[in-house]
Amino acid sequence: MNIFDPDFLDAHVRHTMAFYHPRAIDPQGGFFHYLRDDGEIVDRRHRHLVSSTRYVVTYARFARHSGEEEYRQWARHGLDYLEAHHFQPEYQGYAWTLLNGEVEDDTNHCYGLAFVLLAYAEALKADVPGARQGLYMTHDMLQRRFWEAQHGRFADEADRHWQVSDYRGQNANMHACEALISAHEATGDTAFVEQAMTIARAVVGANRDHEHGWIWEHYDADWQRDLDYNRDDPSHLFRPWGYQVGHQTEWAKLLLMLERHRPEDWLLPTAERLFSSSVAAGWHPETGGLVYGLDLEGRISDPDKYFWVQAESFAAAAMLGQRTGRDLYWDWYRRLWAFSWQHMIDHRHGAWYRILDADNRRYSDLKSPAGKVDYHTMGACQDAMATLTAGPYNQGRRGQAEEEVRRHEWRR
């Protein structure tokens, strides 16, 4: 077993899914969102739109991945909850959070709608009934409420009356780009991938003056960078301050995905530059792992290590390695897996720990709070599996990787 073997990645996806399934299923509707390291359900009452949608994504992808009908049914179970509880007919939007099935926060977030779109797109790929209609209805909502054609990007949030705020953010647009690519793959509709390309061009173009093209997180209503937004809250869950290492590598991955559908000569060099420069700056020099945030000068500003940063980065590394054949990216793939295997993966109970400090220690035993559900880690493994299956890669790395992994056996 080694990290260059799709069977290894398959086993890890199954091991991760087994942490959530079936314990996360709420027979009354949807899924439980708060799980401790050992799988104990912490809170049965609270629901977050991001978790509700990401569960649909993970179940739909696993249905395709495994071929098991049960998971397709549970993806439909998740869509039923989205439609019956998160969707609010009164104002034609999706509640951000629910408590005991009632609306707690009625803010309309583009970030949340992007994941509704992704949920329907992945469900459609898995042949989940009703997914096509939901996909087009969600995209229509995004277009009417948030799309700013003059800027080639989506606005970020609105109140229940759809009054849009002045804040603009790249994070919502990055995940909208992801969802649009998936929608194109699910439907064959070229309008989706064209819009994803429009967003990518705009986001990259807005940051072209940075030495490495690093993408900033926060903007005002005219899409001018706001360098002080959340400076006093650098670890904000959805709007952290600073350059996010994981978002540079996640954009690198998305640019390669776009290149498959719309080959343009700027996509690959931009992906290479974003990935190579950010991981070099973001690798902790003493304890390893990619850190969360970098300041305006490219120095480490938030040394915590998040699960999704490592996972999205090894997926990007594999895709760059396969696309270019360069050893540099396979070396990063191996390095990221070695760190994650040693520090971030719970070999006993399954799934990944959410966050470690600079010394690779966990802050708490809450493995999966709102927003996690290991959508990033399973998705990254599935991206790497598809990459390794689709084309050639550096065969010489297999022996080294096998030796790295052989020292650790699956502990179930």
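For the structure, check the block above.
Please read these numbers as outputs of a predicted model, since none were measured by experiment. (Residues numbered from 1 in each chain as written. Predicted model: local features only at pLDDT ≥ 70, side-chain atom pairs only at ≥ 80, totals over all residues. Heavy atoms only, no water.)

1. Structural notes on the overall build of the chain
When you go through the chain residue by residue, the secondary structure sums to 13 helices and 19 strands. Its C-alpha radius of gyration of 20 Å places the chain within 12% of the 22 Å reference for a compact globule of 412 residues. When the backbone C-alpha atoms are referred to their principal axes, the chain occupies close to 60 × 50 × 40 Å. Counting only residues that meet the buried cut, the chain has 62% of its 412 residues in that class. Sequence-distant contacts, at least 24 apart, represent 66% of the contacts inside the chain between residues at least 6 apart. Here the chain has roughly 15,600 Å² of accessible surface; of this, 44% comes from carbon and sulfur atoms. (Helix = DSSP H or I, 4+ residues; strand = E, 2+ residues; numbered from the N terminus. Rg over C-alpha atoms; globule rule 2.2 N^0.38 Å. Buried < 20%, exposed > 50% of the residue type's maximum accessible area, 1.4 Å probe, protein only. Contact = heavy atoms within 4.5 Å. Areas by Shrake-Rupley, 256 points an atom, 1.4 Å probe, with all protein chains shown as cover.)

2. A look at the packing of helix α8 (residues 245–261) against helix α10 (residues 307–324)
Their axes nearest at 8 Å, the elements α8 and α10 cross at an angle of 40°. Between α8 and α10, the interaxial angle falls into the category oblique. Here α8 and α10 pass one another in a crossing that is left-handed. Contact with α8, carried on its side by G246, H247, T249, E250, K253, L256, M257, E259 and R260, involves W308, V309, E312, S313, A315, A316, M319, L320 and R323 of α10 and no other residues of that element. (Axes fitted to C-alpha atoms, helices over the stretch in contact; angles between N-to-C directions. Parallel < 35°, antiparallel > 145°, perpendicular 65-115°, else oblique. Left-handed = near helix turned anticlockwise from the far one by under 90°.)

3. Some details on the sheet that holds strand β6 (residues 97–99)
Reading across the sheet, the three strands line up as β3-β6-β7 and stay open at both edges, with antiparallel pairing between neighbours. With partners counted over all chains shown, the strands left at the sheet margins are β3 (46–48) and β7 (102–105), one partner each. Strand-to-strand, the axes of this sheet are offset by a mean angle of 30°, without reference to chain direction. In this sheet, β7 lies alongside β6 in antiparallel orientation, the contact comprising three bridges. When the sheet's bridge partners are listed, L99 is paired in β7 with E102. (Pairing = 2+ DSSP bridges.)

4. Regarding empty space enclosed by the protein
One pass over the full model with this rule turns up two cavities of 30 Å³ or more. Contributing to the lining of the largest cavity are 19 residues, with R54, Y111, L237, F238 and W308 lying nearest its centre. Residue assignment for the lining of the largest cavity shows that the elements contributing at least two residues are α6 (170–187), α8 and α10. A class-by-class count of the residues in the lining of the largest cavity yields nine nonpolar, six polar and four charged. Reported here for the second largest cavity is a volume of approximately 30 Å³. Residue lining of the second largest cavity: L49, Y94, W96, T107, N108, H109, G112, L113 and W162, and that is the complete set. Of all the secondary-structure elements, those providing two or more residues to the lining of the second largest cavity are β8 (108–109) and α4 (110–125). Class assignment for the residues of the lining of the second largest cavity results in five nonpolar, four polar and no charged. (1 Å grid on protein atoms, 1.4 Å probe; cavity = no way out; pocket = protein on both sides within 12 Å on 5 of 7 lines; lining within 4 Å. Points joined across faces, edges and corners; volume = space filled by probe spheres on them. Nonpolar A, V, L, I, M, F, W, Y, C, P; charged D, E, K, R; others polar.)

5. Overview of the layout of surface pockets
By volume, the largest pocket is sized at about 700 Å³. Contributing to the lining of the largest pocket are 30 residues, with M257, R260, Q382, D383 and A386 lying nearest its centre. Those elements that place two or more of their residues in the lining of the largest pocket are α2 (49–66), α4, α6, α8, α10 and α12 (375–390). The leading source of residues in the lining of the largest pocket is α12, at ten residues. Its residues assigned to classes, the lining of the largest pocket shows eleven nonpolar, seven polar and twelve charged. Counted as a void, the second largest pocket has a volume near 220 Å³. E83, F87, Q92, Y94, Y120, Q133, G134, M137, T138, D140, M141 and R144 together form the lining of the second largest pocket. When residues of the lining of the second largest pocket are assigned to their parent elements, the largest contribution, seven residues, is made by helix α5 (residues 131–146).

6. Some points on α6
Taking 1.5 Å of rise per residue, the 18 residues of α6 would be expected to cover 26 Å, and the 25 Å separating its terminal C-alpha atoms lies within 8% of that figure. Extensive coverage of α6 is indicated by the burial of 17 of its 18 residues. Of the residues trailing α6, G188 is marked for its positive phi of about 80°. (Expected span 1.5 Å × (residues − 1).)

7. Focus on the pattern of salt bridges
Oppositely charged side chains are able to pair whenever their charged atoms sit close together. Going through the model one piece at a time under the given rule, you end up with 34 salt bridges. Put simply, R231 and D228 hold a salt bridge, and the shortest N to O gap is 2.9 Å. In this structure R231 comes out as partly exposed when scored by relative accessible area, which is 40%. For E272, the salt bridge identified is with R326, shortest N-O distance 2.9 Å. With E272 in helix α9 (residues 267–282) and R326 in the loop between α10 and α11 (327–344), this pair connects stretches of sequence that are 54 residues apart. For R326, a relative accessible area of 41% puts it in the partly exposed group. Linked by salt bridges that have partners in common, R61, R64, E122, K125 and E185 make up one network. (Salt bridge = Lys/Arg side-chain N within 4 Å of Asp/Glu carboxyl O.)

8. Section: the sheet that holds strand β2 (residues 41–43)
With antiparallel pairing, the three strands of this open sheet are ordered in space as β2-β1-β19. Two strands in the sheet have a free side with no partner beyond their single neighbour: β2 and β19 (366–368). On average, adjacent strands in this sheet sit at an angle of 50° to one another, irrespective of strand direction. Bridge analysis of strand β1 (residues 34–36) against β19 gives two bridges, and the strand direction is antiparallel. Its bridge partner being in β19, L35 is matched across the sheet by S368.

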